[in-house]
Amino acid sequence: MENQIIKANIVDIHSKDIYCGTIEISGSAIKSITRTGETDPSIPFIAPGLVDSHVHIESSMLVPSRFSEMVIPCGTVGILCDPHEIANVMGRVGVEYMMSEAANSPLKMFFGVPSCVPATSFETSGGVINEDDVDYLFDKGAAFLAEMMNYPGVLYNDTHVWNKINIAKRRGKPIDGHAPSLVGDDLKKYIRAGISTDHECSNIDEALQRIEEGMFVQIREGSAARNFEQLYPLISSHPNNVMLCTDDSHPDDISEKGHIDKIVRMAIKKGVSIFDIYRAALVNAVNHYNLPVGLLRVNDPADFIVIDNPSDFNIISTYINGSPVYHNGKLNYHPDRIEVINNFIPICVSEDDIKVRTAITSPRVRVIDIEEGELLTKEYIWNPAVENGLISPSPDENIAKIVVVNRYQQTKPAIGFIRGMGITKGAFGASIAHDSHNLVVIGCDDVSILKVIETLSEQKGGICCYSGGESELLPLPIGGLMSDKSGVEVAQKYAALNDFVKTKSGVTIQAPFMTLSFMSLLVIPSLKLGDRGLFNVDEFEFVDLIF
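An account of the accompanying structure is given in this report. None of the values given here were measured: they were computed from a predicted structure.

**What about the packing of aromatic side chains?**
And then number 1: Evaluation of the coordinates by the stated rule reveals 12 aromatic pairs.
And then number 2: An angle of 65 degrees between the planes, with centres 5.2 Å apart, marks the rings of Trp382 and Phe417 as edge-to-face. Separated by 35 residues along the polypeptide, Trp382 in strand S19 (residues 378-382) and Phe417 in strand S22 (residues 414-419) bring together distant segments of the chain.
And then number 3: Arranged with centres 5.5 Å apart and planes meeting at 85 degrees, the rings of Phe428 and Phe513 form a pair that is edge-to-face. Taken together, the residues span a long stretch of sequence, with Phe428 in strand S23 (residues 427-430) and Phe513 in helix H15 (residues 512-517) at a distance of 85 residues. This pair shows no difference in class: Phe428 is buried, exactly as Phe513 is.
And then number 4: When the ring centre of Phe547 is taken as origin, the NZ or CZ atom of Arg366, which lies over that ring, is 4.3 Å away.
And then number 5: When the ring centre of Tyr380 is taken as reference, the NZ or CZ atom of Arg419 above it lies at 3.7 Å.

**With respect to the pattern of salt bridges**
And then number 1: Tallied over the full model, the rule gives 25 salt bridges.
And then number 2: Of the charged contacts in the structure, one is a salt bridge between Glu229 and Lys270, with a shortest N-O distance of 3.1 Å. Within this pair, whereas Glu229 is found in helix H8 (residues 228-231), its partner Lys270 is found in the loop between helix H11 (260-269) and helix H12 (274-289), the two being separated by 41 residues in sequence.
And then number 3: Given the relative accessible area of 36%, Lys270 is considered partly exposed.
And then number 4: In this structure, the salt-bridge partner of Asp446 is Lys355, at a minimum N-O distance of 3.8 Å. Taken together, the residues Asp446 in helix H13 (residues 446-459) and Lys355 in the loop between strand S16 (330-331) and strand S17 (356-357) connect sequence positions 91 residues apart.

**Let's talk about H11**
And then number 1: Across the 10 residues that make up H11, a large majority, seven, are buried.
And then number 2: Among all positions in H11, only Ile260, Asp261, Lys262, Ile263, Val264, Ala267 and Ile268 are buried.
And then number 3: Positive backbone phi, at 85 degrees, marks Gly271, one or two positions downstream of H11.

**Some words on the sheet that holds strand S2 (residues 17-26)**
And then number 1: Judged by pairing direction, the sheet is mixed, and its eight strands sit side by side in the order S3-S2-S1-S4-S13-S14-S15-S16 without closing on themselves. Strands at the two margins of the open sheet, each flanked by one partner only, are strand S3 (29-37) and S16.
And then number 2: When strand S15 (residues 323-327) meets S16, the two strands line up antiparallel, connected through two bridges. Its bridge partner lying in S16, His327 is registered against Lys330.

**Structural notes on the nonpolar core**
And then number 1: Judged by nonpolar contacts, the single largest core of 171 residues is most densely connected at Ile235, Phe313, Phe428 and Ile463.
And then number 2: When residues of this core are assigned to their parent elements, the largest contribution, 11 residues, is made by H12.
And then number 3: Sequence-distant contacts of Ile235, defined by excluding residues within four places in its chain, comprise Ile219, Phe228, Val242, Leu244, Ala267, Val272, Asp276, Ile277 and Ala280.
And then number 4: Core analysis: the second largest hydrophobic core is formed by 13 residues, Tyr19, Ile25, Ile46 and Ala302 among them.

**Things to note about the side chain of Ser223**
And then number 1: The topology assignment puts Ser223 in the loop between strand S11 (216-220) and H8.
And then number 2: In this structure Ser223 touches Asp248, Ser249, His250, Asp253 and Met514, once residues within four positions along its chain are discounted.

**Observations regarding the sheet that holds strand S28 (residues 533-536)**
And then number 1: Spatial ordering of the open sheet is given by S27-S28-S29, a layout of three strands whose pairing is antiparallel. Of all strands in the sheet, those with a lone pairing partner are strand S27 (527-530) and strand S29 (541-542), marking the two edges.
And then number 2: Note: S28 against S29, two bridges, orientation antiparallel. Paired with Phe535 across the strands is Phe542, a residue of S29.

**Concerning the packing of H11 against H12**
And then number 1: Where H11 meets H12, the axes come as close as 10 Å, and the angle between the chain directions of the two elements is 150 degrees. When the axis of H11 is compared with that of H12, the two are roughly antiparallel. The two elements H11 and H12 cross, and the hand of that crossing is right-handed. Listed contacts from H12 to Ile260, Val264, Ala267 and Ile268 of H11 are Ile274, Ile277 and Ala281.
And then number 2: Residue composition of the contact of H11 with H12, by class: seven nonpolar, no polar and no charged.

Rules used in this analysis
- Residues numbered from 1 in each chain as written.
- Predicted model: local features only at pLDDT ≥ 70, side-chain atom pairs only at ≥ 80, totals over all residues.
- Heavy atoms only, no water.
- Phe/Tyr/Trp six-rings, centres within 6.5 Å; stacked < 30°, edge-to-face > 60°.
- Helix = DSSP H or I, 4+ residues; strand = E, 2+ residues; numbered from the N terminus.
- Buried < 20%, exposed > 50% of the residue type's maximum accessible area, 1.4 Å probe, protein only.
- Lys NZ or Arg CZ within 6 Å of the ring centre and 35° of its normal.
- Salt bridge = Lys/Arg side-chain N within 4 Å of Asp/Glu carboxyl O.
- Pairing = 2+ DSSP bridges.
- Core = buried A, V, L, I, M, F, W, Y, C linked by side-chain atoms within 4.5 Å.
- Contact = heavy atoms within 4.5 Å.
- Axes fitted to C-alpha atoms, helices over the stretch in contact; angles between N-to-C directions.
- Parallel < 35°, antiparallel > 145°, perpendicular 65-115°, else oblique.
- Left-handed = near helix turned anticlockwise from the far one by under 90°.
- Nonpolar A, V, L, I, M, F, W, Y, C, P; charged D, E, K, R; others polar.

This is the structure we're talking about:
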């Protein structure tokens, strides 16, 4: 194969200069970079590719190869993936699936070993990652120990938590963190354990405490959590101590707004130096995780992007290992056949199973109270009407029924009530329910709730809504989390689901399915519903629905 020679304006992040020159590529590496003069605005610019320092691919509802089809056109050449979601469904088999499926794409995907599976002992998951699995997955090529969410286990010396940490340290693998609001001596002990990153900072003070203790702060801008506006000044003030990440992104967001390139453009508009941005968008992640990703240097892998200019930062081409995998709106590769794996038993739920009965004449009911744009919930005390010993949803009071069904074992569903969705008719639900991913459904009447449960069971997972005899469905056959379809198809179907629940069911919140997916996450305060019942996160105990 003949060497490639490309002439362009070169964004040199090492000399902090931009100049006209040529890049010679031999095979998959850069053979030479030659400066030929000052910048020429009539020709494109070449800059290093981008890296997402923390992402859950499963949140895109796409398998790795399909996810790559979305982000490579955004100039992403590498990602650090935490397959925490599929691990909760299928254990290490799920992690191996992600690593194997990633080989269908040229995108450089580096997988961590999920450190907290199951996330809590208070709900039923389909998989476990124990110490033997950590060792096994490192042998299979995992690059780091993924986010240590169990910070109480670190602080109070849980044996299993520390065994996993020590395995990673013994192998010289980085350890990612997850410690929202942790400060003071507890934060210091957490960091001294060897945990070196955190993507959960929501304000500058939190971030600076971590940086002062030697941590990298990953500035997050995804679909669910967005912290760029609060944290972007750190890119200029502490360029060597921050990275960029998306954490969770839906395909419609990527399609409309971009990936890491979106965050780069946001920083450019804030007046941040392109060279400081590149420390955060690439260099720090490559160095910290020791990634085989090119930094636009001689002998580096030829991983770079062609952009229109450093001010607008629109992607023209993406090169990975010297190959132009994307150019002018066209991908130059196609994933092989995508294997389907799952862990989903047939679900048998009757209308009688989801009725809420009481013998109390004037009951008080604990209701999950949501707020637009927040994953945190509150407890609302409701005084419902009782008819024939039954408590039913009250759309007039913005109160619906929520049902969680165990998809790994045949058990009775857990029932609760939720306020704030705005739903006035029908039901909607999904098999995406952090962290164990049981079925979660919200609705105004039992017939609609059952229809959604039955449809999701038949499909072995997905997102479904039903109202007035009409329905909309996005099947997610892979672990009940991901589709084998293209990102464009999934984004279109997801948009149709959002439109359906808002126009046919009256849902008023902006991101109903994202909100739904966190209503059974038993580690985010205050009141949530798991497959075993209503849970008070503040007190870390199950509580009665009716009292």
